[in-house]
Every structure is written in C-alpha cells, then in structure tokens.
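Structure assessment
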Amino acid sequence: LGRESNGDGNTAEKQSEDAKEFLRIWLQNIRTFADGAPIIFVGTKIDKLEEYNDPEALLEVLLDVNDQIMDIAEKIYKDVPWSLCTQWSPDGSNLEPEDLIFFPANSKYRSSSGEVYGTVIKLRRQVVEIFKKDKKANEEVPAAWAKVCDDLIAKNQEIFTFEAIKEECRKHKIENENVVRSMLEKYHELGLAMYFDEDGLNDHIVWQPQHLIDLVKKLIFDRRLHRRARIQLAGEHRGKMKTYLDTGVIHEGVLRHLWQQIPKDDAEDSKSTANGLEGKKKLYEFGRNMLQRFLILFKIGGTEKYLVPSMMKRIKAKNDEKIHEAVGKFFLRFTQRPHSYYNMLIGKIASELSSDNTERTKQLRGGATAPFKLEKHPFKLEEQVFDLGR
C-alpha cells in the first residue's frame, strides 16, 4: 500500500492492488469466521519506503495508507473493531502527531542495548490491553493445568494423542479424564491447542498448527505450477490424480498416498509393527476428519471419494446469461464474503446431494426453494443447481 517497490510504475501499482486484495480477503474471513474479534493492523518494514528518511513525505504516505485501509475496512464492517495507534509521528521529527488505524513499525529499530522501542512498544501495550479485556483469557485455572501446558510446550511436538496428554497429566496428579478434557477445551479456547471433543477427533490434539498446514499444502495447490510434479508424486495413482486435478474430486487412495501417513495394507504384517501401523492409520483418519470438520474436504456419499471445492476449476464468463445457459453449472456471487465461503457452500451442497437423506436430496435437486444453512448463515436455493446424476 505504501509503494515499497523501486521498479516501474506498473509493478508498484500491481503490488499495491495485490496488497489491497490481500487485506480485503483477510477482513472478509475475520468477519465471517471470527466476527467481533478485535483487529490490529500492523504495517511492517516502513524503513523500506523511499520516503523513510523524509519525515514529512513519510507521514504523507502513511496517511494515504491509513485512508486506503479505512476505505477497505468500512466496506466490510459497519463498525470496524480496530485498535488505534494514537499520537504517532516519524521518529526524530517535530511534526504534529496523528492518530492512525494501523501501527507503522520498523522491527529493526532498536536501542543500543538491543531493545525495540517506538511503535513496537505501543503495539505490545495494545496487545496486552486487549488480552486483559478478554474474559476467557482472564479466567482462573488450576496451577497444575499451567504446569502441564509448560511441559507440553517443552516437548516441541506438533500433535499429541489423548493418551499421551493423560500421561502428562498424571505427573501432576490429574487423574480424572473429564478434568483432562476440560483442560484441553480451555487450551482450545485460548488458542494454545486444537481440540474437539467429537467422535473421530478426540483421540488427538494439535499442538502446533503446522501439522494441519502440511496436510492442506499437499491437498490444495496451484495446478498451473505443480500439475506435473503432483502427477509424478502420485505414482501408481497417476490416473486418479489427473481426475483430481480436473474435477476437484480425490480418491481415498490418492489422499492417503499424498499424506504418506500409513503404508500399504500388505506392506508390513508382523506383530511387532501392528501398534505403529494402527497408530498411523488413526493419525491419517484424524487428519482427514479434521479437514472435514473445517469444511475443506467433503465426503461423497457411498464412495471412497472426497470433494475439495478449492481445487474445482473456475468458470470465467463475461455475463451471467452465459453461466445460466451452461448445463450443470450455476453462478453465485458474494460481495461481503470470502471465496472460501463459496467453497464451503458448494461442498456442503454436493455432500448432501450424495447422501442417503432422500427427502433432503429431492428438495435440493428439485426446482422449489430449498432452505440451506452454512454455519449460522441461512441461504435459500431458488433454482435447480445440480442435475440428477451429476
């Protein structure tokens, strides 16, 4: 937004537009999935701006950035829950301080002792203030829970089994399983871990999100850049991988192969490896179930296949009429929702259409209005959007 590029004008303009789109997507996602959450805008690397050594020019650029952020945010939020960076002015200048809706930070700006100061200190204080106001964050918990948390952090693992967590709890005299689950739910509320007390998910606890990120990266990628490499990686599943790249429908065998979390069923059959094999199977199933829980992966009923809406090919058309004329295709437009919202809606529709819920399937496939709900947001599908058998 601050025109960091030293290249030609077109490059700088494109970078600015990309930055705006990136900000727009993040705000749409926050509003959709974490409505009411406090927002702090941080502008890093202000020392990279051409105007950095000219206080007046720097302030002018940052005020322009401030207006751009506000313009984007106010189109998504009626009342933006932002945090102000009050009384800011370029370091060492005599300019009148301004209130900004973002924190312009140079993280390399340090004192002779190595301590950061200036805007970064203001940012830290703001984070602390927000944290102090959060009721969940300030609830008292047993000291033993904090000790278990410290022990788990020290292990530096991405994921734990529930049994492993119970074992750690026993070291601190926490024996009751219900208490262990309550502790994990509190960790989840605070963002320390990811735990769902649901069938298929409650046997594992994600301690570092990198575990899930790695699974998603192998499943969702830019087909233009990675098509050939992914087909080669699929090995004996090349044909099914091509189908996945063309349709967004992935076979269980390909999914298992991509994640490489369990060997082939006939790879090892000795008793000495039975526990390890079973553990890998459970870990694979947990990852698959977790992505279904996050509406990234959708089961197609009665098959060993899953739909990944993010990998469905996009249809570009100049006007709505061309889309409506296309057989078996339909058009949806969200002005204030992220594209991921569209992906989840399509996935849920497809999953329900392939389910055994006959009445619901007829309702969705019929021409009459069909009520539909995605998370807490209701929709009504007023046209036949899927052809029978597709």
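Parameters and conventions
- Residues numbered from 1 in each chain as written.
- Predicted model: local features only at pLDDT ≥ 70, side-chain atom pairs only at ≥ 80, totals over all residues.
- Heavy atoms only, no water.
- Helix = DSSP H or I, 4+ residues; strand = E, 2+ residues; numbered from the N terminus.
- Salt bridge = Lys/Arg side-chain N within 4 Å of Asp/Glu carboxyl O.
- Buried < 20%, exposed > 50% of the residue type's maximum accessible area, 1.4 Å probe, protein only.
- pLDDT = per-residue confidence, 0-100.
- Contact = heavy atoms within 4.5 Å.
- Expected span 1.5 Å × (residues − 1).
- Arc of directions from axis to C-beta.
- Pairing = 2+ DSSP bridges.
- Axes fitted to C-alpha atoms, helices over the stretch in contact; angles between N-to-C directions.

**With respect to the environment of isoleucine 25**
- Structurally, the position occupied by isoleucine 25 is in helix H1 (residues 9-33).
- Counting along the chain gives 315 residues from isoleucine 25 to serine 340, while the straight-line C-alpha distance between them is 9.5 Å.

**Points about the pattern of salt bridges**
- Enumeration over the complete set of coordinates arrives at 17 salt bridges.
- In this structure, lysine 166 and glutamate 177 form a salt bridge, with 3.1 Å as the shortest nitrogen-oxygen distance. Here lysine 166, found in helix H5 (residues 162-170), pairs with glutamate 177, found in helix H6 (residues 177-190); they are 11 residues apart in sequence, far enough to count as distant.
- Taking the relative accessible area as the measure of exposure, lysine 166 reaches 14% and is therefore buried.
- Notably, a salt bridge pairs arginine 227 with aspartate 246, separated by 3.5 Å at the nearest N-O pair. Of this pair, arginine 227 sits in helix H8 (residues 223-233) while aspartate 246 is found in helix H9 (residues 238-247), placing the two residues 19 residues apart along the sequence.
- For arginine 227, a relative accessible area of 30% puts it in the partly exposed group.
- Judged by its relative accessible area of 36%, aspartate 246 falls in the partly exposed class.
- Overlapping salt bridges, with partners in common, bring together Glu163, Lys166, Glu177, Arg181 and Asp197 in one network.

**A look at the confidence of the model for the chain**
- Predicted confidence across the chain gives a mean pLDDT of 77, with 74% of residues reaching 70 or more.
- Taken element by element, the predicted model of the chain shows its lowest mean pLDDT in helix H12 (residues 320-325) (43) and its highest in H5 (95).
- With pLDDT under 50 throughout, residues 262-274 is counted as low confidence; its partners more than four residues away or in other chains account for 10 contacts.
- Per-residue pLDDT stays below 50 along residues 367-390; that stretch engages in 54 contacts with residues further than four places along the chain or on separate chains.

**So, helix H3 (residues 119-133)**
- Over its 15 residues, H3 runs 21 Å from end to end, which matches the ideal 21 Å to within 8%, given 1.5 Å per residue.
- Inspection of H3 places Thr119, Val120 and Leu123 among the buried residues, and these make up the whole buried set. Across the axial projection of H3, the buried residues extend over an arc of 100°, all falling on one side. Facing away from the buried side of H3 by over 90 degrees, the exposed positions are Arg125, Lys132 and Lys133.
- Against the buried residues of H3 lie strand S1 (41-43), strand S2 (85-88) and strand S4 (102-104).

**Digging into the sheet that holds strand S8 (residues 298-300)**
- The 3 strands lie next to each other as S7-S9-S8, forming an open sheet whose pairing is antiparallel. The sheet is open, and its two edges are formed by strand S7 (249-251) and S8, each paired on a single side. The sheet shows a mean angle of 35° between the axes of neighbouring strands, taken without regard to direction.
- Bridge analysis of S8 against strand S9 (residues 305-307) gives 3 bridges, and the strand direction is antiparallel.

**Notes on helix H2 (residues 55-76)**
- Taking 1.5 Å of rise per residue, 22 residues should cover 32 Å, and H2 covers 32 Å from first to last C-alpha, within 8% of that figure.
- The set of residues buried in H2 consists of Ala57, Leu58, Leu59, Val61, Leu62, Val65, Asn66, Gln68, Ile69, Ile72, Ala73 and Ile76.

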